[in-house]
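Here's the letter readout for the chains.
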Amino acid sequence: MSVSTAAADQTVCAPLPVLGRDVTVPLVTGGEVTYAALDYAASAPALQRVWDDVAAYAPYYGSVHRGAGYLSQLSTDLFENARRTVAEFLDCRGDDQVVFTRSTTDSLNLLAATLPADCQVFVFETEHHASLLPWKDAQVTYLNAPRTPQEAVTALERALAARDPHGPALVCVTGASNVTGELWPVRELAAAAHAHGARIVLDAAQLAPHHPVSVRDLDVDWVAFSGHKLYAPFGSGVLAGRADWLREAEPYLAGGGASRKVTRRVDGGVDVEWHESAARHEAGSPNVIGAYSIASACKALTEAGFDRLVAREEQLIGAVRAGLAEVPEVRVLSLFGDEAPRVGVISFVVEGWNSSHFAAALSAEYGIGVRDGLFCAHPLVRTLLGSDPQTQGECGAPEAAPGEKSLNAIRVSFGAGTPDEHVERFVRAVKELVRDGAKWNYRTEDGRCVPAV
């Protein structure tokens, strides 16, 4: 089925221009083909708009907050304007802080470092490891994978009702699964958290690139996301939300920029007065270009219109799901069922195929880039595959030879820059591989399935 038939629909926009859209790659069977980047959930290609904005600024790059020169002043204004742009993009409250970090993982580890003493943390086993693992200094309750959105809310309410009501508590939840793409009931979970005196942080790494995220509307206390999934490269992320825990905690990193005043004591030591603003957790020279690229992406997505972006992505999702449904050997992984709303992230397994072998064939024979493995969400993928969620595994593919069963899956993901042709080629390739098998021989090397030379 072609997804281009709805091009005349004015509610649907064309793919946004991204870098790499014309890159060609060699095929093991001979010749070259335009690369189909269908691994957006790992890192989305940079928007051309973002790249152009960064290139225009680059000659004016200067140190931030530390220089009297023109370029330093210009860069400082750009950096702080980027903070305001992100706050607008997230519809933050007036007293919220926007802290620039390295990634979602960095943002959640920062928040974990600010937790008050004796804080209880509640997190579902379905989370990405960035949300699952940072809470090592807290009392953590891991909740089992729910099978409906309402079951998620009920499980959280039950767990919160059993906690010590006098201490601080935090709930961490994803907005959209990085494995199934399914949307989580964030607003309802936030209401449950607040009703039991807990706070909530939203991992929006997979949500923000696909849907608008409003801190006010969702009523979350914090939101975290990564630039590299939001069509913005350069290793930057965001933690935005309530200022009090951030302001009261020791700085995430100690150093210049976080300190307002440092004096020597008579005994030879030093006294430090830390900033109370976002700078408190941004010690060192900040990633100005990374912050600017995030702001540029926020503007580009807002100007394109999320309604139109979502409408087009839903067409792509429908085309992929319909195509996979025509292949009996394919099983799509899901927590909430076929009718659950989702973003452009779909994971599946193919009967009779090692997932690493299948992904390698898609790349080597069709020029299609997908992801295989456990997607840094091991307990969730193990649960969806019907194996023991406590079984250990690697983020990449386990060492299983082509044709052998592997306890991992294949993930195809796409977004605002995905052309119709890439989705159509993917569906066609899946059908051909299942029907005809691979055209090339493959072997296992360093835990990865690669074409045999």
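Right above here is the structure, for reference.
Reading guide: rules and limits
Residues numbered from 1 in each chain as written. Predicted model: local features only at pLDDT ≥ 70, side-chain atom pairs only at ≥ 80, totals over all residues. Heavy atoms only, no water. Helix = DSSP H or I, 4+ residues; strand = E, 2+ residues; numbered from the N terminus. Rg over C-alpha atoms; globule rule 2.2 N^0.38 Å. Buried < 20%, exposed > 50% of the residue type's maximum accessible area, 1.4 Å probe, protein only. Contact = heavy atoms within 4.5 Å. Pairing = 2+ DSSP bridges. 1 Å grid on protein atoms, 1.4 Å probe; cavity = no way out; pocket = protein on both sides within 12 Å on 5 of 7 lines; lining within 4 Å. Points joined across faces, edges and corners; volume = space filled by probe spheres on them. Nonpolar A, V, L, I, M, F, W, Y, C, P; charged D, E, K, R; others polar. Axes fitted to C-alpha atoms, helices over the stretch in contact; angles between N-to-C directions. Disulfide = S-S within 2.5 Å. Salt bridge = Lys/Arg side-chain N within 4 Å of Asp/Glu carboxyl O. Phe/Tyr/Trp six-rings, centres within 6.5 Å; stacked < 30°, edge-to-face > 60°.

Visitor: Teacher, can you tell me more about the overall build of the chain here?
Guide: A tally of helices and strands in the chain yields 13 helices and 19 strands. A compact globule built from 453 residues should have a C-alpha radius of gyration of about 22 Å, and the chain, at 23 Å, falls within 12% of that. Expressed along its principal axes, the backbone C-alpha trace of the chain runs to roughly 80 × 55 × 45 Å. When burial is assessed residue by residue, the chain has 56% of its 453 residues classed as buried. Contacts in the chain between residues far apart in sequence, at least 24 positions, make up 71% of those at least 6 positions apart.

Visitor: Hey, could you run me through the pairing of strand E11 (residues 259–264) in this one?
Guide: For a regular strand, side chains alternate in direction, first toward one face of the sheet and then toward the other. Pairing geometry for E11 and strand E12 (residues 270–274), over five bridges, is antiparallel. In the sheet register, Lys261 faces E12, and the bridge partner there is Glu273. Remark: five residues form the turn of the hairpin made by E11 and E12, two consecutive strands paired antiparallel; Gly268 in that turn has positive phi of roughly 100 degrees.

Visitor: Before we go on, may I ask you to explain empty space enclosed by the protein in this structure?
Guide: Empty space among the atoms can be located by rolling a probe the size of a water molecule over them. On inspection of all chains with the given rule, the structure shows two cavities of 30 Å³ or more. The volume enclosed by the largest cavity comes to roughly 80 Å³. Lining the largest cavity, in full, are Pro209, His210, Tyr231, Phe306, Leu309, Arg312, Glu313, Leu316, Gly415 and Ala416. Taken together, the residues of the lining of the largest cavity break down into six nonpolar, two polar and two charged. By volume, the second largest cavity amounts to about 30 Å³. For the second largest cavity, the full set of lining residues is Thr126, Glu127, His128, Thr174, Ala176, Ser177, Asn178 and Leu380.

Visitor: When you look at the sheet that holds strand E7 (residues 169–174) in this model, what are you seeing that I'm missing?
Guide: Sheets are built from strands paired through backbone hydrogen bonds, the pairs being either parallel or antiparallel. Across the sheet, seven strands lie side by side as E4-E10-E9-E8-E7-E5-E6; this open sheet has mixed pairing. In this open sheet, the two edge strands, each paired with only one partner strand, are strand E4 (97–101) and strand E6 (139–143). With direction set aside, neighbouring strand axes in the sheet form an average angle of 20 degrees. Relative to E7, strand E5 (residues 120–124) is paired through four bridges, and the arrangement is parallel.

Visitor: Please clarify how the state of the cysteines should be interpreted in this entry.
Guide: Linking two cysteines covalently through their sulfur atoms gives a disulfide. Taken as a whole and judged by the stated rule, the model has zero disulfides. In this structure Cys298 is not part of a disulfide, and its nearest cysteine sulfur, from Cys92, lies 10 Å away.

Visitor: What should I look at first to understand the pattern of salt bridges in this one?
Guide: Two side chains of opposite charge can pair, provided their charged atoms sit close to one another. Tallied over the entire structure, the rule returns 23 salt bridges. A salt bridge links Glu282 to Arg83, with the shortest nitrogen-to-oxygen separation between them at 2.8 Å. You can see Glu282 sitting in the loop between E12 and helix H9 (288–304) and its partner Arg83 sitting in helix H2 (residues 70–89), a full 199 residues away along the chain. Taken individually, Glu282 and Arg83 each receive the classification buried, so the pair is uniform in this respect. Across the pair Asp372 and Arg448 runs a salt bridge whose closest N-O atoms are separated by 2.7 Å. With a gap of 76 residues between them, Asp372 in strand E16 (residues 371–373) and Arg448 in strand E19 (residues 448–451) connect regions that are remote in the sequence. By relative accessible area, Asp372 is classed as buried at 3%. A network of salt bridges, in which partner residues are shared, links Arg199, Asp221, Arg242 and Asp244.

Visitor: Please clarify how the packing of aromatic side chains should be interpreted in this entry.
Guide: Two descriptors summarise a pair of aromatic rings, namely the distance from one centre to the other and the angle between the planes of the rings. Overall, the coordinates contain twelve aromatic pairs when judged by the stated rule. Measuring from centroid to centroid gives 6.1 Å for Phe89 and Phe306, while their planes differ by 45 degrees, and the two rings are tilted. A residue pair is termed long-range when its members are at least 10 positions apart, and Phe89 in helix H2 and Phe306 in helix H10 (residues 306–325) qualify at 217 residues. Comparing Phe89 with Phe306 shows no difference in burial state: the two are buried. Here the aromatic cluster, defined as three or more aromatic residues joined through ring pairs, consists of Phe348, Trp353, Phe358 and Phe426.

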